[in-house]
Amino acid sequence: MSMDDLSRGSGGWIDYTIARAIEWPGKAFSLLCKGGILANYIIAILIILSLNFLLPRMMPGDPLQAIYGDEALVAMTPQLEADLIHRFGLDLSIDQQFIAYLSALAHGDLGYSYYYGESVSQVILAFLPWTILLAGSAMMISTAIGLLLGMESGYRRGQPLDKLLLAGVIFLSGLPDFFIGILLLIVFGVSWRVLPLSGALTPYGDLHGTALALDLLRHLAAPLAALVIVRMTSTYLLTRNSMIATLGERYIVTARGKGCSERRIQYMHAGRNSLLPVVTSVGLHLPNIVTGALFVEIVFAYPGVGWLLYNSILSRDYPLIQGILLMVTLSVLTVNMAVDLAYRRLDPRVGNAH
Amino acid sequence: MLDIEGLKVSFGEREVLKGVDIHLERGDALSIIGESGAGKTTLAMSIMGLLNGGCSGRIVLQGRDILEMGESRRREIRGDVMAMVFQNVEDALDPVYTISDQIEEAILVHHPMDKDRLRLRVDHLLIQVGLNREKGDAYPHQLSGGERQRALIAMALANDPQVLILDEPTASLDAMTKAEILGLLRESMRDRIGLVVTHDISAASRISNRMAVLYSGRILEMGDTEEVLARPLHPYTRGLLRSSPNMITTKDLQGIPGRMNSGVKGCPFHPRCTQHQQRCTFELPELRDVGGRMIACHRGGIVPLLEVRGLCRSFGPLKAVDGVDLNLCEGETLALVGESGSGKTTLARMIMGLTRLDSGEICLEGEPLEARSKEFYRRVQMIYQNPRESISHRMNVAEAIMEPLDVQGLGRSREKLERVLDEVELSSDPEFLNRYSHHLSGGEAQRVAIARALILDPKLLIADEPTSALDSSVQAKILRLLMDLQEKRGLAILLVTHDLALARKVSDRMAVMKGGKILEEGLTSDLLAHPLHQYTRELMESASGVDDDGVQVKARRQVEREGDCIEEQSFEVCRRPGTWQRMIRWMRSS
Ligand code: SF4
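A brief report on the enclosed structure follows. (Residues numbered from 1 in each chain as written. Chains lettered and ligands numbered in written order. Predicted model: local features only at pLDDT ≥ 70, side-chain atom pairs only at ≥ 80, totals over all residues. Heavy atoms only, no water.)

1. Digging into the overall build of chain B
- For chain B, the helix and strand inventory stands at 21 helices and 25 strands.
- Along the longest, intermediate and shortest principal axes, the C-alpha atoms of chain B span 95 × 65 × 50 Å.
- Counting all 590 residues of chain B, 54% fall into the buried class.
- For chain B, the proportion of contacts with a sequence separation of at least 24, taken over those separated by at least 6, is 65%.
- Carbon together with sulfur atoms contributes 48% to the accessible area of chain B, which is approximately 26100 Å² in total.
- For chain B, the distance from the average site of its 76 positive side-chain charges to the average site of its 87 negative ones is 3 Å. (Helix = DSSP H or I, 4+ residues; strand = E, 2+ residues; numbered from the N terminus. Buried < 20%, exposed > 50% of the residue type's maximum accessible area, 1.4 Å probe, protein only. Contact = heavy atoms within 4.5 Å. Areas by Shrake-Rupley, 256 points an atom, 1.4 Å probe, with all protein chains shown as cover. Lys, Arg positive; Asp, Glu negative; His and termini not counted. Charge placed at Lys NZ, Arg CZ, Asp CG, Glu CD.)

Encoded structure:
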């Protein structure tokens, strides 16, 4: 790969690499989820750590160069170089290096960002809350909306409301989230000027209490909407399908035979059972939401990890890029595990929940 | 009181129920039997108001027509006034709720009540159906099939409904569990209006006191369960009973030709009915009362083919046949059993017109026979113990089989020849057709004789010891052949034999003959299970080591103990006799 590719920012391979790097644990998750959950996750984490350790070291040329990039070397004094070699333990054998790397990680040491002049973990921690806010609320809201619309639509299969929703959703699901983001930005931010163009808070606003919360929501609204609109489509389609399948089950007839009301059948029986595949899919779609959030952050200059990643790529801050990718993969994995555990509680047939 | 009048249900173009009338009072338990596709489940679902198809007619419960009610009103009675025990298929219960939750739901949707009372009621229901609180707290997948069925019953009983509908309540249960569940169901239907939809006749016989036979959306026969089973009057009911394994009859299983088609004009059963007439193909028979039984058939059910009244014949001082009465219906086998010299062969020859009668009357299809016309022999044919008796040694196979056509002046037909050869499972290649009878094996000769008898399409076949000259393996095949012919053509067979064991396996009814008189006559299984006449018992004894108390069979069995050590034990098995009805009653009460 050449530096030119890199400097194109959101160009082809970055897109691809980020998506792959983030989706990978999701795939591993679905493969591994049969056995003991915890053991599987530990194995997955170890594999990720090893890859993160090995990849820079497997790159051709000087590992230091690979880690810090060409430009960093220009400004490097022999003193600094010796420091760095020692710091990364490049003078040690590979297994000693691995142990040193793990112990550094255990202390939360992800390396040093020379661009920000701070440790990578501190830099990430400063940006992380915004991404959690954006991706977390996007996940919850899109799941909730997708579920509700899916239940209504699946229950009224073939009726006008269902047809309308289905057509709309299929149209929306074809659009990338940053595109919708740009649309929203142009409409609400540029033309109508009802929403701010960038950032997460008004700079130097010095707001407190309700005003602060409102300001935060105003900044959040557009990026969140962009994410929700796109992400809710898969939940909607899945819920609708699963609702249709569930309505054909015998226990629905049993419930009718008991004299249950249609609402009760729709939500307590069909809906409740349709929830199961949706919950699994939330886990599987989490990587998509995170990727989506990263892109949307770039569009709205929202100060989260995505925006940070974008900037670190522009500034070729390799330790930071590496640190972000590791952090993102690990957190996706953790949420997946939580979803898996939640599923066991929802479906009595899985595991020994009872 | 539940009144169903002229109920029709259709899904789009397809009419599934074509006018069903049922009237049920409290305490009635009606079973609806029939093949799959007959509309049984549709009937049950339409009473519950669970169908989206177009229903017409009336379903009146307590003076109100369910079909006229709005959905909300229907929902109020569904699960409350009338309830359904659903078929215990995978996922008949919601997998994500516990059994207790689901029973509670059944109560709460109709009768909101506080937690404690609800808990009490649910516990009571669980105990009533043979479960307990622990099972109630389990999820459906943690229960066995029988327990799930019990849970479904508990849900149906939750609000003490007046009408209880059971849909295949014992499907997919093993025999022991089935017996227990049937007991529970019988108990549950007491003092209610019960409706059981099933294809399992033995299950139906154990829990219902009335039975209706549904075919292609219409009721063909309806009556008292015991009577319908003991004496089916509609050809379809008989076919259904013959084709379902049971512990009542002894005759081998037989099928019903063809398959059920829905768009049939006239009598829905006529393409498969062996006694159908012109009229049946265009005119629909109404369900009407024939001597206390409801039957939908233009011919009043299975028609009597042969009726013999007060037949006498003496040879000098010897009364060979002395006042014999006999009936034989279409598609039925009557075994005439007796020792040699009992007069059975003379009787058969008298029916055939080969021996003159001194007095008495023989009716064929309701008309008394005077002289034996040619036409008579088109309808009645006979085969003998020694087939070579009926095949002239001067004729080859083809000539022998087609001879009756010549006699009747019908003209030879290669096509007919091939058809009957096919029916009796003989090859029609020229080499075989040119053989003479002395070149045929015993089995082949008897098949040729049967083919010869069949070429005129008779309705009645008199078989005089047809297999006693054959090896037993060949005998089995010939008997199987006769039963298959009966199934396909509705052939009535008068089987004259001395072999009780053989008669037991192939006949519907049996008449025991001695000294020119019929001593005892009845359903084969009934007669053998409970012989009333001393002579019958003696015959049975000589047939298979039988004494007065029943059938004693010395059996040697290998009994497996503790895994691998096999011990031989010999012990006596005593089969207690009981009548047909007693057996049914016993099965119901057990
Ligand atoms: S005799 Fe006619 S009406 Fe009766 S069952 Fe046969 S086809 Fe139907």
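2. A few points about the site of the ligand
- Close to the ligand lie B:His234, B:Pro235, B:Cys267, B:His270, B:Cys273, B:Gln275, B:His276, B:Cys280, B:Pro285, B:Cys297, B:His298 and B:Arg299, which account for all nearby residues.
- A class-by-class count of the residues in the shell around the ligand yields six nonpolar, five polar and one charged. (Near = heavy atom within 4 Å. Nonpolar A, V, L, I, M, F, W, Y, C, P; charged D, E, K, R; others polar.)

3. Here's the deal with the environment of B:Ala335
Residues and elements named next belong to chain B.
- Looking at the element boundaries, alanine 335 is found in strand E15 (residues 333-337).
- The exposure class of alanine 335 is buried, given its relative accessible area of 0%.
- Once the C-alpha coordinates of alanine 335 and threonine 497 are considered, the two residues, 162 residues apart in sequence, prove to be 7.0 Å apart.

4. Comments concerning the sheet that holds E15(B)
Residue and element names in this part refer to chain B.
- If you trace the six strands from one edge of the open sheet to the other, you get E18-E19-E20-E15-E21-E22, paired in mixed fashion. With one partner strand each, in any of the chains shown, strand E18 (380-383) and strand E22 (517-523) form the two edges of the open sheet. Across this sheet, the average inter-strand angle for adjacent strands is 15°, counted without regard to direction.
- Pairing between strand E21 (residues 509-514) and E22: six bridges, direction antiparallel. Within E22, the residue paired with arginine 509 across the bridge is leucine 523. (Pairing = 2+ DSSP bridges. Axes fitted to C-alpha atoms, helices over the stretch in contact; angles between N-to-C directions.)

5. With respect to the pairing of strand E16 (residues 359-364) of chain B
Residue and element names in this part refer to chain B.
- With five bridges joining them, strand E13 (residues 304-315) and E16 adopt antiparallel strand pairing. The residue of E16 that forms the bridge with arginine 309 is glutamate 361.
- Sheet topology note: the E16/strand E17 (residues 367-368) ladder contains two bridges and is antiparallel. Bridge assignment links cysteine 363 to a residue of E17, and that residue is proline 368.
- Hairpin geometry of E16 and E17 is characterised by an intervening segment of two residues between the two adjacent antiparallel strands and by a positive phi of about 45° at glutamate 365.

6. Quick notes on the state of the cysteines
Residues and elements named next belong to chain B.
- Tallied over the full model, the rule gives zero disulfides over all chains.
- Cysteine 329 takes part in no disulfide bond, and the closest cysteine sulfur, belonging to cysteine 297, lies 12 Å away.
- We note that cysteine 363 lacks a disulfide partner, and the nearest cysteine sulfur, in cysteine 329, lies 13 Å from it.
- Residue classification places cysteine 363 among the buried residues on the basis of a relative accessible area of 11%. (Disulfide = S-S within 2.5 Å.)

7. Focus on empty space enclosed by the protein
Residue and element names in this part refer to chain B.
- The full count for this structure, using the stated rule, is eight cavities of 30 Å³ or more.
- Approximately 160 Å³ is the volume found for the largest cavity.
- As for the largest cavity, its lining consists of 17 residues, and the residues nearest its centre are Pro235, Arg238, Arg242, Thr274 and Glu487.
- The set of elements that each furnish at least two residues to the lining of the largest cavity consists of helix H10 (235-243) and helix H17 (472-489).
- Ranked by residue count, the leading element in the lining of the largest cavity is H10, at four residues.
- Considered class by class, the residues forming the lining of the largest cavity number five nonpolar, seven polar and five charged. (1 Å grid on protein atoms, 1.4 Å probe; cavity = no way out; pocket = protein on both sides within 12 Å on 5 of 7 lines; lining within 4 Å. Points joined across faces, edges and corners; volume = space filled by probe spheres on them.)

8. Observations concerning the interface of chain A and chain B
- In this complex, chain A contributes 22 residues to the contact, which on the side of chain B involves 28 residues.
- On the surface where chain A and chain B come into contact, there are two salt bridges.
- The shortest N-O distance in the salt bridge between A:Lys258 and B:Glu105 comes to 2.7 Å.
- For the pair chain A and chain B, the interface holds twelve residue pairs in polar contact (both at pLDDT 80 or more).
- When contributions to the side of chain A that touches chain B are tallied by element, the ones reaching two or more residues are helix H11 (250-258) and helix H12 (262-299) of chain A. (Salt bridge = Lys/Arg side-chain N within 4 Å of Asp/Glu carboxyl O. Polar contact = N/O pair within 3.5 Å; in protein donor to acceptor, adjacent residues only side chain to side chain.)

9. Focus on the environment of B:Leu481
Residues and elements named next belong to chain B.
- The residue leucine 481 is located in helix H17 in this model.
- On the basis of relative accessible area, leucine 481 is assigned to the buried category, the value being 2%.
- Residues leucine 481 and glutamate 425, spaced 56 residues apart in sequence, show a C-alpha to C-alpha distance of 8.4 Å.
- Leaving out residues up to four positions away in the same chain, leucine 481 has contacts with Glu423, Val424, Glu425, Arg447 and Ile450.

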